[in-house]
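In case you want the letters, here they are:
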Amino acid sequence: MSTVIPAAVAFASRRPPSMASNTFCIARRELRDALKSRWFVLYTLAFVVLGLAVSFVSAAGTGGTGFSGFGRTTAGLVNLILLVVPLMALTAGAATIASDRERGMLAYLLSQPVSPVEVLLGKYIGLGASLLAAISLGLGACALILSWRGGVSSPQTILWLAGLSFVLALGMLSVGVMISSLTRRASAAVGVAIFVWLTLVFGSDLALMAGAVALHLRINELFALALLNPLQVFKMWSLHAIDANLDVLGPAGLYAVEEYGRSLHAIFAASLTTWIAIPLVVSSIVLARKSPL
Amino acid sequence: MSASGLDSFGFRPWSYPAHRPRSPWQLLALVGLFMTSPCTAQEHAAPRDVSPRTTAERELGPIGRLLASARPGDTVRVPAGTYREHLQIDKPVTLVADGAVTIDGGGSGDIIEIVAPDVTIRGFVIRNTGIDLDQENAAIRVLAPRVTLESNVLQDILFGIDLRESPDSRIIANTIGGKRLDIARRGDGLRLWRADRGIIEGNRIHDGRDAILWYSSGVIVRGNTAHDCRYGLHLMFSDDVTITDNELTGNSVGVYLMYSTGVTLMGNRLLKNRGPSGYGIGLKETDRFTVRNNLIAGNRSGVYLDGSPFTDAQPGIFESNTVAYNDVGFTILPSSRGNEIVGNNFIDNIDQVAVAGRGSLDGNRFWKGERGNFWSDYTGYDQNNDGIGDFVHESQTLFENLMDKRPALRLFLFSPAQQAIEFVGRAIPAVRPEPKFTDEVPLMRPLPLPTWTPDVPPSHFPILIAGGSLLAIGVSMLALGYERRRSGDGSSGEKPARGAA
C-alpha cells in the first residue's frame, strides 16, 4: 500500500499527471501487491502443479503411437483452466476494491489527484498482469513437460489455450471487480465471488442440462444459452480454434459450425468481450457516482 | 458387352433389390419402398445408359489415329505431349505413355471409353472431364472385362474410373483427384459395377465422392489411400471382398460396408473420418465380416454397427484392432446382435462404447473365455499378475449414459459439470446407470500397438519454443511486479515510502 503514495505526491507536485501514467502507477502497485499475496502464490502453484500432472499423465497415454488426439491432454487442460482460472480471477477482482475500502486505502487514493476511473483501470490492469503471469507460467511449464514427454500436441494448441485463458481471466476479473465495487466488506465480496464461480462452473451447466432434458430445448436454443456462459464460450472457442471443428460437441456443435462457420470466432470473441466490458463499465459508474467510500 | 446388359442400367433401381433378395418379405418391402420414393432410388445413382458411340462418329485426334491403325494385341506408344481429345478404345491394345503424356478432356464429356476387353492403359495424365452428373462424365469408362489401368494420374475429373460389367480388371497405382466441388455435385473417384474378382491396389484417391463397389464380389482392395472423399471405400452388395492395408483419412466415412457378406478388413488405418456421420468403419446389414488389426483413430465414431450382423448365423469378428481417440469408439445400434469384440485396444475414446437408441448391447460379446479387451478407463488392478484385471470392467458412467440417450448433451463435454455428474453417478447408487456392457476379463496392458509413422515426424522444438515464450511472459510479469525501484522515481522503495507517509 505504500509505493503509490510518493509517486502520486511526486506527480502532483510537478504537473498534472496524465491519465496513462496515473493508471500505470496504480497498475504497478496492484501487480506488486498481487504477486506478494498468499492467494496468488497458492493459486499459481496449484495451477502449475495440476497442469503438470495433467500433461504428464495424458502424455503417457499416447504410448509411442505417434499421435496425440485432442482427447486427453487438451481436454484435461481445458478442464483445469475452467476450474482454476475463473476462481483465481474472480477472487482477485473481488478482493481488490472492497479491501482497499475497508482499510481506508481507497479514500486515501481518491484524495490524490486521480480519478475513480483511473484507480479502477489501474487495478484492473495490474491484476490482469498478475493473472497473465500465473497463466503463462502454468501453461508454459505444461508445454515443457509435453515436449519432454513426447505427447506432442502442436504449439498452437498451447498458445491458443494460453491466449483464450487470458481472455477468460480478464472477463472473470472484470466480474470480480464489479462485485468488489458493489460490496462494502472484502469478505462479503470474496464470498459473492465464490458463489458466482460455483454458479458459472457447475450451476448454469447443470441447469442447462436439466433444461435441455426437461424442456426439450432445440439445439439452436441450447447453443445460444451456452453462449451466455463465459466458461462454455471459452471451452467452445478453444475446441474450435484448436481442432477447427466443434463436431466433438455433438449436434449443437455441428449446428454451430453449419450455421455460423467462419463467424464463430467473432461470436465467441463478442461474448467474452461483453463479459469484460459491461462489468467494468458498471463498476466505473458505481465508483464515480456513488460515494465510493 | 451385350446390349441387354446395357439395357439393365436404365432400369437399375428395379434390378437392385432383386439382385440379392434376403427374403420374399424384404424384397417386397424394398420394392414397395422404391415405388413410393423415387428420390431414394435416384440417390444411389445408377450408371446411365450410355450408348457407345462408334469411332466413325468422331473426329479422330492424334491418339485416335494411332489406335485406328493398331491391330488387336498391339502396344501403342503415345509420344510425349498434351493431347486434347476424347478416345474410344474398341480393340484389345496396350496403350502406353512414352514420356509425359497428358490427355485433356477440355471440360466436357468422358475422356476415354473402353469397349473392348483386355485393354491396358499405362502412365497417362488424364484430366479435365465435364461436370455433368447426369451423364456421369468419367476420365476412364470401361464397358468390357479384363482391363488393366496402371500408373495413370487422373486430375480434375468428375468420375475417375468407372467399370461397368468389367470383371477380372486390375486398377493399380493410379492417382485419382476429383474436382473440388460441393459434395453433392461430385462423382465417384472409382466405381465398380458388376466387376467381380478385380484388384485395386496402391491407388490414391482424393476429393471424390466414393470409391464404390456395386455387386462386385471377390475383389481385393489393397494398399490404397483415400482422403477428403465422402466414403473412402463403399461396398454395396459386394461379397467376399478383402480390404487390406489401406489408409483412409479425413473422409466422411473410411469404409462403409452395406448389404455385403464375407468381407475381411485387415491392417487398415482409418483416421480422422469426421462430420455429422463420420465413421471409421460403418457396417450396415452386413454379414460374416472380420475386422482385424486395424488402427481406428480420431474418428467421430470409430465403428458404427447398424444391423450387423444381419443374420445371427455367424458372429461379426472384431479382433486386435486399436480403437483410439475417437469421439465414440463403437457406436452400436441395438439391432446389431452377435458381434464378438474381443482382444482389442480401446484407448481414450471420449465415449468408448455407445448404444444408439433404446435397447441394450446384450447380444454382443466383449470377452470370450479368458480374453477380454484393453480398456484405458479400466480402474481395477491385477494382484496375481496374470495380465487380466481382477475386477469386471463395467461401463456405467452416468454422463456417458445421458450422452448416448441425448446427444445434444455432448455440448457439455470437457466441463467440470460433466465431472460433477459422473461423480454423482459413482457416489449415489440410486442414479447409477445399468452397465452398458461388461468385460469379465479385461486386459491390463494394451496389445501391441500398430506401428504408424505420421507423414510429418513430430518435432518437439516448436512446442518447446511456445513453452519457453510463455514462461518468458510470466517471468517478465513477475519481474515487473517485484522490481524495487523505477528510474526517475528514486525514493519509491518500500521503506522511504512509509517514511514519507
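All of these numbers come straight from a predicted model, not from anything done at the bench. (Residues numbered from 1 in each chain as written. Chains lettered and ligands numbered in written order. Predicted model: local features only at pLDDT ≥ 70, side-chain atom pairs only at ≥ 80, totals over all residues. Heavy atoms only, no water.)

A. Focus on the overall build of chain A. In terms of helices and strands, chain A carries 12 helices and zero strands. N-terminal to C-terminal, the α/β element order of chain A is α-α-α-α-α-α-α-α-α-α-α-α. The buried share of chain A, reckoned over its 293 residues, is 57%. Here the contacts in chain A between residues at least 6 apart in sequence split such that 79% fall between residues at least 24 apart. When the accessible surface of chain A is totalled, it reaches about 11300 Å², and 70% of it is carbon and sulfur. (Helix = DSSP H or I, 4+ residues; strand = E, 2+ residues; numbered from the N terminus. Buried < 20%, exposed > 50% of the residue type's maximum accessible area, 1.4 Å probe, protein only. Contact = heavy atoms within 4.5 Å. Areas by Shrake-Rupley, 256 points an atom, 1.4 Å probe, with all protein chains shown as cover.)

B. Spatial organisation of the packing of aromatic side chains. Residues and elements named next belong to chain B. Enumeration over the complete set of coordinates arrives at 22 aromatic pairs over all chains. Residues Phe 330 and Phe 346 carry aromatic rings whose centres are separated by 5.5 Å and whose planes lie at 45° to one another, so their mutual orientation is tilted. You can see Phe 330 sitting in strand 30 (residues 328-332) and its partner Phe 346 sitting in strand 32 (residues 345-347), a full 16 residues away along the chain. Aromatic side chains Tyr 381 and Phe 391 sit 5.3 Å apart centroid to centroid with 80° between the ring planes, which places their arrangement in the edge-to-face category. Of this pair, Tyr 381 sits in the loop between strand 34 (374-375) and strand 35 (393-394) while Phe 391 sits in the loop between strand 34 and strand 35, and the two are 10 residues apart along the sequence. (Phe/Tyr/Trp six-rings, centres within 6.5 Å; stacked < 30°, edge-to-face > 60°.)

C. Focus on the side chain of Ser415(B). Among the structural elements, Ser415(B) can be located in the loop between helix 6 (398-405) and helix 7 (416-427). Classification of Ser415(B) as buried rests on a relative accessible area of 1%. In this structure, Ser415(B) is in contact with Asn79(A), Leu82(A), Asp205(A), Gln232(A) and Lys235(A), ignoring residues within four places of it in sequence.

D. The arrangement of the packing of helix 6 (residues 116-149) of chain A against helix 12 (residues 264-289) of chain A in detail. Residues and elements named next belong to chain A. At a minimum axis distance of 9 Å, the contact between helix 6 and helix 12 shows a crossing angle of 140°. With respect to helix 12, the axis of helix 6 lies oblique. In this structure, helix 6 crosses over helix 12, and the sense of that crossing is right-handed. Counting all contacts with helix 6, which are made through Pro 116, Val 117, Leu 120 and Tyr 124, the residues of helix 12 involved are Ile 276, Leu 280, Ser 283, Ser 284, Leu 287 and Ala 288. Tallied by class, the residues present in the contact of helix 6 with helix 12 amount to eight nonpolar, two polar and no charged. (Axes fitted to C-alpha atoms, helices over the stretch in contact; angles between N-to-C directions. Parallel < 35°, antiparallel > 145°, perpendicular 65-115°, else oblique. Left-handed = near helix turned anticlockwise from the far one by under 90°. Nonpolar A, V, L, I, M, F, W, Y, C, P; charged D, E, K, R; others polar.)

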